[in-house]
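Residue-level listing of the chains:
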Amino acid sequence: MTSARERNRADFWFDPLCPFAWITSRWMLEVEKVRDVDVAWHVMSLAYLNQDKDISDDYRAMLDPAWGPVRVLVAAQHKHGDDILLPMYNAFGQRLHLEGRTLHEQEDRGRALIEEVLAEVGIETDLVEAMDDSSLDDAVARSHHEGMDQVGNEVGTPTIAVNGTAFFGPVLSKIPRGEDAGRLWDGCVAVASFPYFYELKRSRTGELDFS
């Protein structure tokens, strides 16, 4: 039996809009089935990350409604605790990545979609009002920086801290399942144990596979 001291820990920062974070998060759920690991979920924000960057008009338009979900996630976390984040993330991901819906639907900037998420996880749907509450942006930024500041300037989502060592990635195009998920996790634990290890990278090819 593995003791608490021997268990690994992963801290996972996500924005529900990011398809790469979604695939990596599904891998992390697979890892939990085959390895002794405790996973904590945290909010980051692509809108906050890119607000002062020189990005394309199309990408900026895509990010325009992106504040809504992260504000609502943080508001729900404050009211219901950290454990609400994963169920909400699962519900967002089902709609955004598996069903292909968007926050621009019906010109409501995702309001109806967010209300569906809140109803699915069983909390009050009037938390949808948080999507327009900019007073929550400081809390979003704090959660964001708790993860991103550990990585540095070359940062994005997914960001995972493995036993306290944070990386941007792993970026995956398909979800490893079963023991494959565990073997990839073992590699992440291994490289995280070297304080002088920083980066492995190659260009991504092929389409994303959410299956």
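Reading the values: rules and limits
- The residue numbers shown here count from 1 along each chain, following its written sequence.
- Owing to the predicted nature of the model, reporting of local features is limited to residues with pLDDT of at least 70; listing and counting of side-chain atom pairs is limited to 80 or more, with chain, interface and lining totals taken over all residues.
- The basis for the side-chain values is all heavy atoms of the structure; hydrogens and waters are excluded.
- What makes two strands pair is DSSP finding at least two bridges between them.
- Counting from the N terminus, the helices are the DSSP runs of H or I reaching at least four residues and the strands are the DSSP runs of E reaching at least two.
- Axis lines are fitted to C-alpha atoms, over the contacting stretch for helices. Their N-to-C directions set the angle, which ranges from 0 to 180 degrees.
- Here the aromatic set is Phe, Tyr and Trp, taking the six-membered ring for Trp, and pairing holds for ring centres within 6.5 Å; pairs whose planes are under 30 degrees apart are stacked, those over 60 apart are edge-to-face, and all others are tilted.
- Relative accessibility under 20% of the residue-type maximum defines a buried residue, over 50% an exposed one, and the middle range a partly exposed one, all with a 1.4 Å probe and only protein chains included.
- Working rule: Lys NZ or Arg CZ, within 6 Å of ring centre, within 35 degrees of ring normal, means a charge sits over the ring.
- Any angle from 65 to 115 degrees is called roughly perpendicular, while one under 35 is roughly parallel, one over 145 is roughly antiparallel, and all others are oblique.
- Contacts are assigned to residue pairs that have any heavy atoms within 4.5 Å of one another.
- Polar here means any residue outside two lists: the nonpolar Ala, Val, Leu, Ile, Met, Phe, Trp, Tyr, Cys and Pro, and the charged Asp, Glu, Lys and Arg; Gly therefore counts as polar.
- Joining through side-chain atoms within 4.5 Å is the link that ties buried Ala, Val, Leu, Ile, Met, Phe, Trp, Tyr and Cys residues into a set, and such a set is a nonpolar core.
- The span you would expect from a helix comes to 1.5 Å times its residue count less one.
- Patch criteria: residues need more than 30% relative accessible area and no salt bridge. Like-charged residues are merged within 9 Å; nonpolar side chains of Val, Leu, Ile, Met, Phe, Trp and Tyr are merged within 5 Å.
- Note on areas: Shrake-Rupley, 1.4 Å probe, and residue coverage restricted to the protein chains presented here.
- When a carboxyl oxygen of Asp or Glu lies within 4 Å of a side-chain nitrogen of Lys or Arg, that pair is called a salt bridge.

### Overview of the sheet that holds strand S1 (residues 8–14)
Thinking step 1. Reading across from one edge, S2-S1-S3-S4 is the order of the four strands in this open sheet, with mixed pairing throughout. Strands with a single pairing partner mark the edges of an open sheet, and in this sheet they are strand S2 (37–43) and strand S4 (165–168). Strand-to-strand twist in this sheet, taken as the mean axis angle between neighbours without regard to direction, amounts to 20°.
Thinking step 2. As defined by bridge partners, S1 adjoins S2 across seven bridges and the pair is classed as parallel. Residue pairing across strands places Ala10 opposite Val39, the latter belonging to S2.

### Brief notes about the packing of aromatic side chains
Thinking step 1. All chains considered together, the criterion is met by eight aromatic pairs.
Thinking step 2. Measuring from centroid to centroid gives 5.9 Å for Phe167 and Phe197, while their planes differ by 65°, and the two rings are edge-to-face. One end of the pair, Phe167, is in strand S4; the other, Phe197, is in the segment after helix H8 (178–192), and 30 residues separate them in sequence.
Thinking step 3. Classification of Phe167 by relative accessible area gives buried; the value is 15%.
Thinking step 4. Three or more aromatic residues link up through ring pairs in this structure, and these residues are Phe12, Phe14, Trp22, Trp41 and Tyr89.
Thinking step 5. It is Arg26 that lies over the ring of Trp22; its NZ or CZ is 3.7 Å from the centre.
Thinking step 6. When the ring centre of Tyr89 is taken as origin, the NZ or CZ atom of Arg26, which lies over that ring, is 5.6 Å away.

### Side note on unusual backbone geometry
Thinking step 1. The residue after Thr157, namely Pro158, is reached through a cis peptide bond having omega 10°.
Thinking step 2. In this structure, the amide linkage connecting Gly169 to the following residue, Pro170, adopts the cis form with an omega of 5°.
Thinking step 3. Here Pro170 shows up in the loop between S4 and H8.
Thinking step 4. Positioned with a positive phi, Arg109 is a non-glycine residue whose angle comes to about 55°.

### Some points on the packing of helix H4 (residues 67–80) against helix H7 (residues 137–151)
Thinking step 1. H7 packs onto H4 with a crossing angle of 85° between their chain directions and a minimal axis gap of 9 Å. For the element pair H4 / H7, the angle class is roughly perpendicular. Between H4 and H7, the contacting residues are Trp67, Val70, Arg71, Val74 and His78 on the first element and Asp137, Ala139 and Val140 on the second.
Thinking step 2. Residue classes in the contact of H4 with H7 are distributed as five nonpolar, one polar and two charged.

### Some remarks on the nonpolar core
Thinking step 1. Core analysis: the largest hydrophobic core is formed by 65 residues, its most contacted members being Trp27, Met28, Trp41, Met88, Phe92, Leu118 and Trp185.
Thinking step 2. With near-sequence residues (within four places) excluded, Trp41 lies in contact with Phe12, Phe14, Ser25, Met28, Leu29, Leu85, Leu86 and Tyr89.

### Describing helix H5 (residues 85–98)
Thinking step 1. Here H5 spans 19 Å end to end across 14 residues, near enough to the 20 Å set by a 1.5 Å rise per residue.
Thinking step 2. Most of H5 sits inside the fold, with ten of its 14 residues counted as buried.
Thinking step 3. Buried within H5 are the following residues: Leu85, Leu86, Met88, Tyr89, Ala91, Phe92, Gly93, Arg95, Leu96 and His97.
Thinking step 4. Those residues of H5 that are buried lie in contact with S1, helix H1 (19–34), S2, H4 and helix H6 (111–121).
Thinking step 5. Two residues or fewer after H5 comes Gly100, characterised by a positive phi angle close to 75°.

### What about a nonpolar patch on the surface?
Thinking step 1. Taken together, the side chains of Phe194, Tyr196 and Tyr198 present a nonpolar region at the surface, about 430 Å² in accessible area.
Thinking step 2. Inspection of the secondary structure assignment puts Tyr196 in the segment after H8.
Thinking step 3. The exposure class of Tyr196 is exposed, given its relative accessible area of 61%.

### Regarding the packing of H1 against H8
Thinking step 1. It is the contact of H1 with H8, at a shortest axis distance of 8 Å, that shows an interaxial angle of 95°. Viewed along their axes, H1 and H8 adopt a mutual orientation that is roughly perpendicular. Note on element contacts: H8 touches H1 through Gly178, Glu179, Ala181, Gly182, Leu184, Trp185 and Cys188, opposite Trp27, Met28, Glu30, Val31 and Val34.
Thinking step 2. Taken together, the residues of the contact of H1 with H8 break down into eight nonpolar, two polar and two charged.

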